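# Commentary on secondary and tertiary structure
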Amino acid sequence: MGKPLLEFTESGIYCSAAGVFLDPWKPVDKAIISHGHADHSRWGHKKYITHHRNVPIVKHRLGDIVISGREWGESFTVNGVEFSLHPAGHIIGSSQIRVAYKGEVWVFTGDYKTEDDGLATPYEPVRCHTFISECTFGLPAFKWVPQKDVFSEINSWWATNRALGKTSVLFGYSLGKAQRLLKHLDPGIGKIYTHGAIENMTEVLRHLEHFPATTRITEETKKEALLGHMVLAPPSAHGSPWMRKMAPYETASASGWMAFRGARRRRAMDKGFVLSDHCDWDGLLKSVEATGASKIICTHGYTDIFSRFLREKGYDARTESTQYEGETGEVDPETQKVR
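Residues numbered from 1 in each chain as written. Predicted model: local features only at pLDDT ≥ 70, side-chain atom pairs only at ≥ 80, totals over all residues. Heavy atoms only, no water.

## Remarks on the overall build of the protein
Counted only if it meets this: Only DSSP runs of H or I covering at least 4 residues are called helices, and only runs of E covering at least 2 are called strands; the numbering of each starts at the N terminus. Relative accessible area decides the class of each residue, using a 1.4 Å probe on protein chains only: under 20% of the type maximum gives buried, over 50% gives exposed, and in between gives partly exposed. Note on contacts: a residue pair is in contact if any heavy atoms of the two residues lie within 4.5 Å. Method for areas: the Shrake-Rupley scheme with a 1.4 Å probe, in which residue coverage is limited to the protein chains shown. In this tally Asp and Glu are treated as negative and Lys and Arg as positive; neither His nor the chain ends contributes. The atom standing in for a charge is NZ when the residue is Lys, CZ when it is Arg, CG when it is Asp and CD when it is Glu.
Each helix and strand in the protein was counted, giving eight helices and 21 strands. Its C-alpha atoms give the protein principal-axis dimensions of roughly 70 × 45 × 30 Å. Here the protein, with 339 residues, has 56% of them falling under the buried criterion. Within the protein, contacts between residues at least 6 apart in sequence are counted, and of these 59% link residues at least 24 apart. Only carbon and sulfur atoms are counted for the fraction: they give 49% of the accessible area of the protein, which is about 14100 Å². For the protein, the separation between the mean place of its 42 positive charges and that of its 40 negative charges on side chains is 3 Å.

## Focus on the environment of Leu 227
Within the secondary structure layout, Leu 227 lies in the loop between α5 (223-226) and β15 (230-233). When its relative accessible area of 33% is taken as the criterion, Leu 227 is described as partly exposed. Spatially, the C-alpha atoms of Leu 227 and Pro 146 are 30 Å apart, while their sequence positions differ by 81 residues. Contacts of Leu 227, omitting those with residues within four sequence positions, involve Arg 162, Gly 165, Lys 166, Thr 167, Ala 247 and Pro 248.

## Examining the sheet that holds strand β16 (residues 249-254)
Our working definition: If DSSP finds at least two bridges between two strands, the strands pair. Lines fitted to the C-alpha atoms define the axes, with helices restricted to the stretch that makes contact. Angles between their N-to-C directions range from 0 to 180 degrees.
The strand order across the open sheet formed by six strands is β14-β13-β15-β12-β16-β17, and the pairing between neighbours is parallel. Where the open sheet ends on each side, the last strands, each with one partner, are β14 (215-216) and β17 (271-273). Bridge count for strand β12 (residues 167-171) against β16 is five bridges, and the pairing is parallel. Across the sheet, residue Val 169 finds its bridge partner in β16, namely Thr 251. Sitting on the sheet, helix α3 (residues 177-184) touches β12, β13 (192-194), β15 and β16, and the angle it makes with β15 is about 160°.

## Details of the nonpolar core
The following threshold applies: Within this scheme, the nonpolar core is defined by two criteria: the residues are buried Ala, Val, Leu, Ile, Met, Phe, Trp, Tyr or Cys, and they are joined through side-chain atoms within 4.5 Å.
Of all hydrophobic cores here, the largest spans 27 residues; its most connected members are Ile 154, Leu 170, Leu 181, Met 230 and Leu 232. Of all the secondary-structure elements, those providing two or more residues to this core are α2 (147-163), α3, α4 (196-205), β15 and β16. Residue contributions to this core peak at five residues, all from α2. Core analysis: the second largest hydrophobic core is formed by 23 residues, Ala 18, Ile 32, Phe 108 and Tyr 324 among them.

## Some details on the sheet that holds strand β4 (residues 30-32)
Spatial ordering of the open sheet is given by β1-β2-β3-β4-β5-β6, a layout of six strands whose pairing is mixed. On the outer flanks of this sheet lie β1 (7-8) and β6 (67-70), each paired with one strand and no other. Of the pairings in the sheet, the one linking strand β5 (residues 47-51) to β6 comprises four bridges and is parallel in character. What sits directly across from Tyr 48, in β6, is Ile 67. Across the sheet, helix α1 (residues 55-62) lies against β5 and β6, angled at about 160° from β6, the strand it touches most.

Okay, here's the thing in structure tokens:
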């Protein structure tokens with residue numbers, strides 16, 4: 001039996017026939033990158049290939065690198081192996097990576113979600129023989145409500161706080177979640193202020209997408225100016241001295257983990273909104289089915305539970321360990337630190 005088309009190595013997912021890695025976690029010569037979060041796009045590779053909407057994100061985070069962008073569905077060949085990028089729906093510029101060689105097709109999802117958030121290019125299932133899927137929320141308990149209902153709740157919370165003369169501080173990752181929140185906040189309620197990490201990333205993305213106006217919070221920002229308005233901040237800001245300027249305030253977190261009873265209390269939040277950039281249980285199952293794949297490799301998240309369920313359904317499913325975090329590690333893409 002020959003080598004599999006893609007192997008899990010100490011450096012990352014490797015296609016030996018092409019000499020190419022997918023989202024490697026150690027420095028390599030050639031890397032195809034699914035999206036811009038810090039656990040999937042790391043510094044140190046000699047050459048990066050990614051979707052063109054992800055290029056400015058990765059360059060902002062990693063600096064002076066050799067990187068090229070591709071379009072959705074554009075095929076490119078390396079040593080006879082055909083690669084192409086397809087929408088993952090996770091964040092702006094996020095891709096699934098299709099790998100085809102001698103009639104065999106594998107798809108690596110990176111991170112993905114099936115709900116159209118109005119910001120990322122919507123997820124598209126890609127037919128394949130082997131499907132490498134994240135399982136961040138691979139438990140039946142995770143079932144998302146439509147985002148329009150979540151944002152209705154968020155905007156109502158903000159309006160209530162404004163009526164009470166309180167600042168609303170909403171936490172979300174500075175890449176992806178923050179822009180999704182910004183896209184759907186109602187600027188008719190008040191002004192939207194941003195933490196520097198979120199403002200820096202949003203500035204990078206403004207030429208790709210229309211966002212409401214925002215104001216960066218600086219040392220000169222007066223506490224009185226924030227009262228009744230919305231502040232978007234990364235999770236790392238919670239509990240920091242930076243928060244003193246917000247008082248009086250109400251805090252909230254927008255995360256899939258808010259579906260867990262007690263998660264809001266453990267994070268010392270006043271409010272929790274269940275909003276994830278990953279698939280829920282049903283989304284994962286429907287995605288697996290849509291690929292037509294018989295072999296499923298489960299990576300980060302609830303891999304054991306999800307793969308066991310798939311085996312009971314007749315799939316050839318197994319798990320592989322990676323250094324990807326999903327939402328589990330609270331990766332702040334500005335600092336690249338796991339919180």
